[in-house]
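Spelled out, the chains give:
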Amino acid sequence: TEIYTLSLHDALPIYAVCARVVRVLREERKRQGVSMEAVAERSGLSQSMISLVERDMRNATLDTLLRIAETLNLDLGAIITKARKTAQKGESQPK
């Protein structure tokens, strides 16, 4: 059995990717003029969960991110890919 561990050095880029993905989803929701309540209703999530995720107070599961992205007609895979590239460059702000 192999055991995988992440050092703090490895975890920081992962956190940056996650934060960037959530930030993009939030910005796109606002750009589309969709309320958190509407996203919650369409995705089957609670408004409280949407709010906690957007405010970085709760780590979103892949299922949660997929539901939000689908509700907004976004390609989560493309968002993650772009977020990874941004994190690898050490950039913290979206472009």
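Our subject is the structure that appears above.
My aim in this report is to walk through the structure given alongside it, one point at a time. (Residues numbered from 1 in each chain as written. Predicted model: local features only at pLDDT ≥ 70, side-chain atom pairs only at ≥ 80, totals over all residues. Heavy atoms only, no water.)

**Focus on empty space enclosed by the protein**
Right, on to step 1. The tally for this structure, following the rule as stated, stands at one cavity of 30 Å³ or more.
Right, on to step 2. Lining the largest cavity, in full, are Val 22, Leu 25, Arg 26, Val 53, Glu 54, Leu 65 and Ile 68.
Right, on to step 3. When contributions to the lining of the largest cavity are tallied by element, the ones reaching two or more residues are helix 1 (8-32), helix 3 (47-54) and helix 4 (62-71).
Right, on to step 4. Considering every element that reaches the lining of the largest cavity, the biggest residue donor is helix 1, with three residues.
Right, on to step 5. Looking at side-chain class alone, the lining of the largest cavity contains five nonpolar, no polar and two charged residues. (1 Å grid on protein atoms, 1.4 Å probe; cavity = no way out; pocket = protein on both sides within 12 Å on 5 of 7 lines; lining within 4 Å. Points joined across faces, edges and corners; volume = space filled by probe spheres on them. Helix = DSSP H or I, 4+ residues; strand = E, 2+ residues; numbered from the N terminus. Nonpolar A, V, L, I, M, F, W, Y, C, P; charged D, E, K, R; others polar.)

**Here's the deal with the environment of Arg 84**
Right, on to step 1. Checked against the element boundaries, Arg 84 lands in helix 5 (residues 76-88).
Right, on to step 2. Taking the C-alpha atoms as reference, Arg 84 lies 9.1 Å from Val 21; in sequence the two are 63 residues apart.

**Details of helix 2 (residues 36-43)**
Right, on to step 1. Those residues of helix 2 not exposed but buried are Ala 38, Val 39, Ala 40 and Ser 43.
Right, on to step 2. One or two steps after helix 2, the chain reaches Gly 44, where phi turns positive at roughly 80 degrees. (Buried < 20%, exposed > 50% of the residue type's maximum accessible area, 1.4 Å probe, protein only.)

**Quick look at the environment of Ala 40**
Right, on to step 1. Its location among the elements puts Ala 40 in helix 2.
Right, on to step 2. Residues contacting Ala 40, with those up to four places away along its chain left out, are Leu 45, Ser 46, Gln 47 and Ile 50. (Contact = heavy atoms within 4.5 Å.)

**Some remarks on the packing of helix 2 against helix 3**
Right, on to step 1. Relative orientation of the contacting elements helix 2 and helix 3 amounts to 120 degrees, with a least axis distance of 8 Å. Crossing of helix 2 against helix 3: the hand is right-handed. Where helix 2 approaches helix 3, its residues Met 36, Glu 37, Val 39, Ala 40 and Ser 43 are matched on the opposing element by Gln 47, Ile 50, Ser 51 and Glu 54.
Right, on to step 2. Split into classes, the residues belonging to the contact of helix 2 with helix 3 amount to four nonpolar, three polar and two charged. (Axes fitted to C-alpha atoms, helices over the stretch in contact; angles between N-to-C directions. Left-handed = near helix turned anticlockwise from the far one by under 90°.)

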